[in-house]
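A structural walkthrough
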Amino acid sequence: MTVAVPSLTATQPTPIELLKQKANGTAHGPNSGYLTCKGVDDDYMYELEASTDLPTVDALGGLAFDKSIDAVAVAQRWLDEFAAANEAQDGARFAACFSEFASWRDKIAYTFEYRTFNGLAKVEEVASDLLPTVKPHSFKLITTPQPKVEIPYPDLTYIQVHFGYTTHIATNYGVVNLIPTALGVKAWTLYTAIESLLDFPELPSRDGHMTGPHAWAVQRAMDANFDDADPEVLVVGAGHNGLMTAARLQALGIKTLIVERNKRIGDNWRNRYKALSLHFPHWGDHLAYMPYPEHWPTYCPAAKLGNWLEHYADAMELHAWLESTITNAHQDEATGEWTVTVNRGGHGERVLKPKHVVMATSLAGLPFMPHTPGEETFTGTLRHSTSHDSSRDWVGKKVLVVGTSSSGFDTAYDFARRGIDVTILQRSPTYVMSLTNSVPLLLKNYMPGSDCPSIEIADRLGQAMPAGPGESLARRMVAGLVDSDKELLEGMEAAGFRCYMGQRQTGTITLGYTKNGGFYFDAGACDKIMDGSIKVEHGAIDRFEGDKTILTGERVREYDLVVMATGFSNTKDSVRSTLGDDIADRCSDIWGMDPEGELKGAWKGTGVKGLWIMVGTLMHCRYHSQKVAMRIKAMLEGIAPELYLK
């Protein structure tokens, strides 16, 4: 049942306002500038046009779900009506299943693209356009996990429902959050996503017995050479994005070749700074088809991950040309046909004609190192963080690390652990959080002992919430996290380090779309800052003069080593350096939030036919590689519907 609860007044403070009020009392002391400070403009690379309002009890006129309600029955009634609207191909009836807070996020299932539609009018328009061709049917309630009432905050209640259904080309998965309204139970948010192509599922396991003239190892080497046929898909880069995408493609029977410039698969992790471990527990980072074994380190060392990627490529029988680079790439814009020349190092050149090219070269673009006047006169050592591997050789020296995102913190921490005189130069405020308090919030569905039934369901839930309401939920979560991290944040402020609550006060959430960084999960460096082992300066390097480093404000310092942890350029620069100006100029923007709330350029159409951009974390890649692979398969088999672009 739904129940009316005492209305929450419109003047009730938000969680963030409560925190700011506490800052004037005893809960947050004088070092609480992080509550009001801004490190990034709210609208930096952010174009979201959707409402971020939540269907709070007050907004719903005092209506809320009670825990005693039969959530399964409520879910079934809503799904029956939603199914009837789909099967009747009735857009108005489809939209009538939603509340005024309507937000629908689709991953290929209806639109064959990544789209989000906000508002009842838009939902009705899209449904009216697509239902006659998509022909959704065979809706079925999923009871693992079972529908249940969720009450994340006292003023917000909803029932989360999982369901499956079929369209003209695929089986699909849906997640809907239902809320009580004066017109009955309606959808607040809807997520729909493709799961498997009906006529082209993943291939079954091979028998493995030798049936041809060649032994397994010989045949594998022959297959990897592609002597008899070009690959259908060329993947550039053998990091986790390239490998998982290739594994997904190969599982669908698509001939796939990876081109990697390094000597060994995994060198992109092995060759980073020696102290690096992943910043988050590995629970959400399992590779597609091949989870980590039991007793894997909670925070995986980078070199160990590199070895695992190499093992993954071998175990999944992926085809990779190592120490190889693309020397020329051309696409006939009219036909979409690719011609790619690959320098195979000691094996000569090959000209390939793949149908699709996947760029998976890095999380971002190229290392960014701003030019500083006088750097050619600097008598010390100046390098980008990607060229720095260890603090071992700098004992007894003075070091400056420029930049306060994860790489800057890790680098400074490595020096401080050896007792080296190190200073970190902070250019703008940084979002900092403890692992103790952030992990249970951000990885709750992946943690050992979670009630989430599987990692696949956890991945779906991680993608299900549209960006509009997701922003408001993130703001509330971060407000609670900041309160829990009060001692850490005030200690950092007292040490002279400036913190803030992330872009739009959403912690890592909006920053993940825009800067792809600008935050730090405390892996030990914060203690070193608070105890003075890592000194803090503010501003920027104005110029170098011989052995002098002049900071803004004419502060003269002397350092033996300056490490520029200044991040990377846009991913588009990687496209340009690999595929050339023509392709890069035609490619859409990459990174940043589009008006619907989707990430620009990645995992979807790029504006260049047959070009795909794979970026993101291991968790992101495990999910999105499946979707991209199915889109490519549908296109190769001639069953891909027309993109919905309205």
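Residues numbered from 1 in each chain as written. Predicted model: local features only at pLDDT ≥ 70, side-chain atom pairs only at ≥ 80, totals over all residues. Heavy atoms only, no water.

1. Things to note about the overall build of the protein
Within the protein one finds 18 helices and 27 strands. For the protein, the C-alpha radius of gyration of 26 Å lies close to 26 Å, the compact-globule estimate for 646 residues. By its C-alpha atoms, the protein is 80 × 75 × 45 Å across when sized along the principal axes. Counting across all 646 residues of the protein, residues that qualify as buried make up 53%. A fraction of 69% describes how many contacts in the protein between residues 6 or more apart in sequence connect residues 24 or more apart. Total accessible area on the protein stands at roughly 27000 Å², and carbon and sulfur atoms take up 50% of it. Charge separation in the protein, taken as the distance between the mean sites of 61 positive and 79 negative side-chain charges, equals 3 Å. (Helix = DSSP H or I, 4+ residues; strand = E, 2+ residues; numbered from the N terminus. Rg over C-alpha atoms; globule rule 2.2 N^0.38 Å. Buried < 20%, exposed > 50% of the residue type's maximum accessible area, 1.4 Å probe, protein only. Contact = heavy atoms within 4.5 Å. Areas by Shrake-Rupley, 256 points an atom, 1.4 Å probe, with all protein chains shown as cover. Lys, Arg positive; Asp, Glu negative; His and termini not counted. Charge placed at Lys NZ, Arg CZ, Asp CG, Glu CD.)

2. What to know about the sheet that holds strand β24 (residues 548–551)
The strands making up a sheet associate through hydrogen bonds between their backbones, and the pairing can be parallel or antiparallel. The 3 strands are arranged β23-β24-β25 in an open sheet whose pairing can be described as antiparallel. Each edge of the open sheet is held by one strand with a lone partner, namely β23 (541–545) and β25 (555–557). Across the sheet, the mean angle from the axis of one strand to that of its neighbour is 25°, orientation sign disregarded. Looking at chain direction, β23 and β24 are connected through 4 bridges and run antiparallel. Bridge pairing in β24 links Glu-545 to Lys-548. (Pairing = 2+ DSSP bridges. Axes fitted to C-alpha atoms, helices over the stretch in contact; angles between N-to-C directions.)

3. Structural notes on the pattern of salt bridges
Under the criterion given, the structure shown has 39 salt bridges. Arg-105 is the partner of Glu-598 in a salt bridge, and the nearest nitrogen-oxygen pair spans 2.8 Å. With a gap of 493 residues between them, Glu-598 in the loop between α17 (581–586) and β27 (611–613) and Arg-105 in strand β3 (residues 98–107) connect regions that are remote in the sequence. Between Arg-270 and Glu-310 there is a salt bridge, with its nearest N and O atoms 3.1 Å apart. Placement of the pair is Arg-270 in helix α7 (residues 267–270) and Glu-310 in helix α8 (residues 302–315), with a sequence separation of 40 residues. On the accessibility criterion, Arg-270 (13% relative accessible area) is buried. (Salt bridge = Lys/Arg side-chain N within 4 Å of Asp/Glu carboxyl O.)

4. What to know about the confidence of the model for the protein
Taken over all residues, the pLDDT of the protein has a mean of 93, while the share at 70 or more is 95%. Segment residues 4–12: pLDDT under 50, and 10 contacts once partners within four positions in sequence are set aside and those in other chains are kept. (pLDDT = per-residue confidence, 0-100.)

5. Digging into the nonpolar core
In this structure, Leu-243, Tyr-312, Val-401, Val-432, Leu-579 and Leu-611 are the most contacted members of the largest nonpolar core, which totals 134 residues. Among the elements that make up this core, the one with the highest residue count is helix α18 (residues 618–636) (8 residues). In this view, Val-401 contacts Gly-408, Thr-411, Ala-412, Phe-415, Val-422, Thr-423, Ile-424, Leu-425, Val-563 and Ala-565; residues no more than four positions away in its chain are not counted. The next biggest cluster of nonpolar side chains, apart from the first, holds 37 residues, and it includes Phe-94, Leu-130, Phe-139 and Phe-163. (Core = buried A, V, L, I, M, F, W, Y, C linked by side-chain atoms within 4.5 Å.)

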